[in-house]
Amino acid sequence: DIVLTQSPALAVSLGQRATISCRASESVRSSMHWYQQKSGQQPKLLIYGASNLASGVPARFSGSGSGTDFTFTIDPVEADDIATYYCQQSRNDPLTFGSGTKLEIK
Amino acid sequence: EVQLVESGEGLVQPGSSMKLSCVASGFTFSNYGMNWIRQAPKKGLEWIALIYYDSSSKYYADSVKGRFTISRDNSKNTLYLEMNSLRSEDTAMYYCAKANSGYGGVMDAWGQGASVTVSS
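Values in this document were obtained by computation on a predicted structure and should not be read as measured data. Within any chain, residue numbers begin from 1 and follow the written order of that chain's sequence. Here the convention is simple: chains get letters from A, ligands get numbers from 1, in the order in which they are written. A pLDDT threshold of at least 70 governs which residues receive local features in this predicted model, and a stricter bar of 80 or more applies before side-chain atom pairs are shown or counted, although totals over entire chains, interfaces and linings include all residues. Hydrogen atoms and water are omitted, and side-chain values are computed over all heavy atoms in the structure.

## Quick word on the overall build of chain B
Part 1: Helical segments are the DSSP runs of H or I of at least four residues, strand segments are the runs of E of at least two, and each set is numbered from the N terminus. Check the secondary structure of chain B and you find 0 helices and 11 strands.
Part 2: If you list the helices and strands of chain B from N to C, you get β-β-β-β-β-β-β-β-β-β-β.
Part 3: Computation of the radius of gyration draws on C-alpha atoms alone. For the globule rule, the value is 2.2 Å times the number of residues to the power 0.38. Taking 14 Å as the expected radius of gyration for a compact globule of 120 residues, we find that chain B reaches 13 Å, a close match to that expectation.
Part 4: Along the three orthogonal principal directions, the C-alpha set of chain B runs to about 40 × 25 × 25 Å.
Part 5: Residue exposure (1.4 Å probe, protein chains only): buried if accessible area is under 20% of the type maximum, exposed if over 50%, otherwise partly exposed. Out of the 120 residues in chain B, the part that is buried amounts to 48%.
Part 6: Contact criterion: two residues are considered in contact whenever any of their non-hydrogen atoms come within 4.5 Å of each other. A fraction of 54% describes how many contacts in chain B between residues 6 or more apart in sequence connect residues 24 or more apart.
Part 7: Only the protein chains shown count as covering a residue, and every accessible area follows the Shrake-Rupley method with a 1.4 Å probe. By element, 44% of the accessible surface of chain B is carried by carbon and sulfur atoms, the whole surface being about 5300 Å².
Part 8: Taken as two groups, the 11 positive and 11 negative side-chain charges of chain B have centres that lie 3 Å from each other. Neither His nor the chain ends contribute to the count of charged residues, in which Lys and Arg are positive and Asp and Glu negative. Charge positions come from single atoms, namely NZ of Lys, CZ of Arg, CG of Asp or CD of Glu.

Here it is, written out as structure tokens:
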């Protein structure tokens, strides 16, 4: 199985940039996607195919990377962005998620 | 507007069975793959099953293979998850999620979740 490694938490000031990384245990090419999950809610797709913005998602959110190293960025961070962010790969079966990065405001 | 509504949640004893349903609306259900994903309390997301748009292929996580069955009825716009031999570690919120293609992979819409508790 492909293991996706994310740092557990990140604290950022409002108006600053937040950068979350996701490293895959083997290449997933560009088959990496990012989801936001706010407390008590279902996840929401933000980025698909490593860098494509999902429908209706603000341009403050972006993604980059290919192969094994991926980055998800929020710039600028707003108070409403407090959530846990998950990466997910669809290159290989089984589909796998990272353990999530909890974004906190300083 | 895409809507996915899960049902069938509840409390069951270890070893028993349970069936979840997910009714879809707002899109042509028969054109898209569908997934089940679960989240244990205070834990991360775990993908557990995928079914192609035409039911031609089904995939499962090792943790549920042989115990859970994913199926769909395109005439009823409904996705199912039949769960047998339930264990305490199956306790979780279960989400159905629409794929962005006929084959799965990217989950572009999610239901609100159905809570399953396995306990004696």
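We are not done yet, so read on.
## Concerning the nonpolar core
Part 1: In this text, buried Ala, Val, Leu, Ile, Met, Phe, Trp, Tyr and Cys residues form a nonpolar core when linked through side-chain atoms within 4.5 Å. The biggest cluster of nonpolar side chains holds 40 residues, and the ones touching the most others in it are A:Trp34, A:Phe72, A:Tyr85, A:Phe97, B:Met107 and B:Trp110.
Part 2: For this core, the elements supplying multiple residues, two or more each, are strand 3 (18-24), strand 4 (32-37), strand 5 (44-48), strand 8 (69-74) and strand 9 (83-89) of chain A together with strand 5 (45-51), strand 9 (92-99) and strand 10 (107-110) of chain B.
Part 3: Beyond its immediate chain neighbours, meaning those up to four positions away, B:Trp110 contacts A:Tyr35, A:Gln42, A:Pro43, A:Phe97, B:Leu4, B:Ile37, B:Leu45, B:Tyr95, B:Cys96 and B:Ala97.
Part 4: Core analysis: the next-biggest nonpolar cluster, separate from the first, contains 28 residues, B:Leu20, B:Cys22, B:Ala24 and B:Tyr60 among them.

## Comments concerning the interface of chain B and chain A
Part 1: Counting from both sides, the interface comprises 18 residues of chain B and, opposite them, 15 residues of chain A.
Part 2: For the pair chain B and chain A, the summed buried area comes to about 1400 Å², and 66% of that belongs to carbon and sulfur atoms.
Part 3: Summed over both partners, the accessible surface that disappears when two parts come together, traced with a 1.4 Å probe, is what is meant by buried area. Of all residues in chain B, the largest losses of buried area upon contact with chain A belong to B:Leu45, B:Trp47 and B:Trp110, amounting jointly to 39% of the total for that side.
Part 4: Think of a salt bridge as a Lys or Arg side-chain nitrogen and an Asp or Glu carboxyl oxygen that are within 4 Å of each other. Here chain B and chain A share 0 salt bridges between them.
Part 5: Polar contacts, as counted here, are pairs of nitrogen or oxygen atoms within 3.5 Å of one another; within protein the pair requires one atom able to donate a hydrogen and one able to accept it, and residues that are adjacent in sequence qualify only if both atoms are side-chain atoms. For the pair chain B and chain A, the interface holds 5 residue pairs in polar contact (both at pLDDT 80 or more).

## A look at the state of the cysteines
Part 1: Two cysteine sulfur atoms make up a disulfide if the distance between them is within 2.5 Å. Evaluated as defined, the whole model comprises 2 disulfides over all chains.
Part 2: Between the sulfur atoms of A:Cys22 and its disulfide partner A:Cys87 the distance amounts to 2.1 Å. Linking A:Cys22 and A:Cys87, the disulfide has an S-S dihedral of approximately 70° and is accordingly described as right-handed. Of the two residues, A:Cys22 sits in strand 3 while A:Cys87 sits in strand 9, which places them 65 residues apart along the sequence.
Part 3: What makes A:Cys22 buried here is its relative accessible area of 1%.
Part 4: Given the relative accessible area of 0%, A:Cys87 is considered buried.
Part 5: In this model B:Cys22 forms its disulfide with B:Cys96; the gap between the sulfur atoms is 2.1 Å. Residues B:Cys22 and B:Cys96 are joined through a disulfide that is right-handed, its torsion about the S-S bond being 55°. Taken together, the residues span a long stretch of sequence, with B:Cys22 in strand 3 (residues 18-25) and B:Cys96 in strand 9 at a distance of 74 residues.

## Quick look at the side chain of A:Thr84
Part 1: Here A:Thr84 shows up in strand 9.
Part 2: Beyond its immediate chain neighbours, meaning those up to four positions away, A:Thr84 contacts A:Tyr35, A:Gln36, A:Gln37, A:Gly100, A:Thr101 and A:Lys102.

## Observations concerning the sheet that holds strand 7 (residues 68-73) of chain B
All names here are of chain B.
Part 1: Any two strands with at least two DSSP bridges between them are considered paired. With antiparallel pairing, 4 strands are arranged side by side in an open sheet as 1-3-8-7. With one partner strand each, in any of the chains shown, strand 1 (3-7) and strand 7 form the two edges of the open sheet. Across the sheet, the mean angle from the axis of one strand to that of its neighbour is 15°, orientation sign disregarded. All axes here are fitted lines through C-alpha atoms, helices being fitted over the stretch that makes contact, and every angle between N-to-C directions spans 0 to 180 degrees.

## Describing the sheet that holds strand 8 of chain A
Residues and elements named next belong to chain A.
Part 1: Here 4 strands make up an open sheet; going across it, the order is 1-3-8-7 and the pairing antiparallel. Where the open sheet ends on each side, the last strands, each with one partner, are strand 1 (4-6) and strand 7 (61-66). Neighbour-to-neighbour, the strand axes of this sheet turn through a mean angle of 20°, independent of strand direction.
Part 2: Bridge count between strand 1 and strand 3: 3 bridges; the pairing is antiparallel. Counted as the bridge partner of glutamine 6 is cysteine 22 from strand 3.

## As for the packing of aromatic side chains
Residues and elements named next belong to chain B.
Part 1: Paired rings are identified among Phe, Tyr and Trp, the last through its six-membered ring, by centres lying within 6.5 Å, and are further divided according to the angle between planes into stacked (under 30 degrees), edge-to-face (over 60) and tilted (the rest). Across all of its chains, the model carries 12 aromatic pairs over all chains by this definition.
Part 2: Relative to tyrosine 32, the ring of phenylalanine 27 has its centre 5.8 Å away and its plane inclined at 75°; by these criteria the two rings are edge-to-face.
Part 3: Accessibility expressed as a relative area gives 14% for phenylalanine 27, which makes it buried.
Part 4: Residue classification places tyrosine 32 among the partly exposed positions, given a relative accessible area of 25%.
Part 5: Two thresholds decide whether a charge sits over a ring: the Lys NZ or Arg CZ must be within 6 Å of the ring centre and within 35 degrees of the ring normal. Arginine 72 extends its terminal NZ or CZ atom over the ring of phenylalanine 29, reaching a point 4.2 Å from the ring centre.

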